[in-house]
Amino acid sequence: MSDVRIDWSTGELCGVPVRSKHKRLAGMRGAYRDAAAFDALAPEELVYSVQFWMPVREGTPGGLFWGQTTICPGVVGDEYFMTAGHFHAARDRAEYYVTVRGEGGLLLMDEARDTRWERMQPGSVHYIAGGIAHRVANTGDGPLTFVACWHSDAGHDYGTILKHGFSARLRKVNGVPRLVPEDRR
Ligand code: M6P
Ligand code: ZN
């Protein structure tokens, strides 16, 4: 019997080795476009939670990690609640995202800063190639959950996104998601 189980109706993981982290608005200052809308929301509001299983030590060559991310429904101004987003520190490392429940968008940006997006809906399987920054936005009215599988030696490069952002944002325009190019910075 494995140490970890997944509930496929929610994506939730249970088992002793499972760890979790919670991302609240206070920890995402600067990520959203509309600073006034951001300041009007409660800093302690939960944006997303991540559960992950690291069966080997971070950095181990050839190993794999498993996780699930659940993003709450919500907007900051017209921008959907989203993950921080990252490149892998080891740029050639790929990843899978698979949607469990909800509706969303996966932003994919290459190193030339070209950004495209894929719609996420229950059952959609997304291959994220090496060298591609990835961020998920919840475009629906309920929680968006996706599972992820990535290399244990991939690492997270958050700094590049903190500094330069993505080149486009997923915004709610006339009630539907639209990829809007960012002003240059
Ligand atoms: C997925 C994986 C994790 C990542 C998480 C949240 O579960 O890609 O590695 O940490 O999503 O995304 P982020 O780290 O960009 O906040
Ligand atoms: Zn990743």
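Read on for a plain summary of the structure.

**Some thoughts on the coordination of the zinc ion (ligand 2)**
Piece 1. Surrounding the zinc ion (ligand 2) are the protein donor atoms His-86 (NE2), His-88 (NE2), Glu-95 (OE) and His-134 (NE2), which sit 2.0 to 2.2 Å from the metal.
Piece 2. In this structure, the zinc ion (ligand 2) is surrounded by four donor atoms whose angles at the metal cover 86 to 157°, and the resulting shape is irregular.
Piece 3. Taken in chain order, the donor set of the zinc ion (ligand 2) reads H-x1-H-x6-E-x38-H. The same class applies to His-86 as to Glu-95, namely buried.

**Thoughts on the environment of Leu-13**
Piece 1. As for its position among the elements, Leu-13 is in strand S2 (residues 13-14).
Piece 2. On the accessibility criterion, Leu-13 (3% relative accessible area) is buried.
Piece 3. With 129 residues separating them in the primary sequence, Leu-13 and Gly-142 have C-alpha atoms 19 Å apart.
Piece 4. Sequence-distant contacts of Leu-13, that is, excluding residues within four places in its chain, are made with Val-4, Arg-5, Ile-6, Val-18, Gln-51, Trp-66, Gly-67 and Gln-68.

**Section: the nonpolar core**
Piece 1. Ranked by internal contacts, the top residues of the largest apolar core, which has 36 residues, are Tyr-32 and Val-136.
Piece 2. Breaking this core down by element, the ones donating at least two residues are helix H1 (35-40), strand S4 (46-53), strand S5 (64-71), strand S9 (104-109), strand S12 (133-138) and strand S13 (144-151).
Piece 3. Apart from the residues within four sequence positions on either side, Tyr-32 is in contact with Leu-25, Phe-38, Val-47, Val-76, Glu-79, Tyr-80, Phe-81, Met-82 and Arg-169.

**Section: unusual backbone geometry**
Backbone phi values are negative for most residues with the exception of glycine, while trans is the configuration of most peptide bonds.
Piece 1. Within the chain, Arg-113 stands out as a residue other than glycine whose phi angle is a positive 70°.
Piece 2. Its location among the elements puts Arg-113 in the loop between S9 and strand S10 (115-120).
Piece 3. Here the phi dihedral of Asn-174 falls at roughly 50°; this positive angle occurs in a residue that is not glycine.
Piece 4. By the secondary structure assignment, Asn-174 is in the loop between strand S14 (168-173) and strand S15 (176-181).

**Observations regarding the sheet that holds strand S8 (residues 95-101)**
Piece 1. Within the open sheet, the six strands sit side by side as S3-S4-S5-S13-S8-S11. Their pairing is antiparallel. Either end of the sheet is taken by a strand with one partner, and the two such strands are strand S3 (19-24) and strand S11 (125-128). Here the average twist between neighbouring strands, direction ignored, is 20°.
Piece 2. Note that S4 and S5 share six bridges and pair antiparallel. Considered in S5, the bridge of Tyr-48 is made with Ile-71.

Rules behind the numbers
- Residues numbered from 1 in each chain as written.
- Chains lettered and ligands numbered in written order.
- Predicted model: local features only at pLDDT ≥ 70, side-chain atom pairs only at ≥ 80, totals over all residues.
- Heavy atoms only, no water.
- Donors = N, O, S within 2.8 Å, 3.2 Å for Na, K, Ca; no water.
- Tetrahedral: all angles 85-135°; square planar, octahedral: opposite > 155°, others 65-115°.
- Buried < 20%, exposed > 50% of the residue type's maximum accessible area, 1.4 Å probe, protein only.
- Helix = DSSP H or I, 4+ residues; strand = E, 2+ residues; numbered from the N terminus.
- Contact = heavy atoms within 4.5 Å.
- Core = buried A, V, L, I, M, F, W, Y, C linked by side-chain atoms within 4.5 Å.
- Pairing = 2+ DSSP bridges.
- Axes fitted to C-alpha atoms, helices over the stretch in contact; angles between N-to-C directions.

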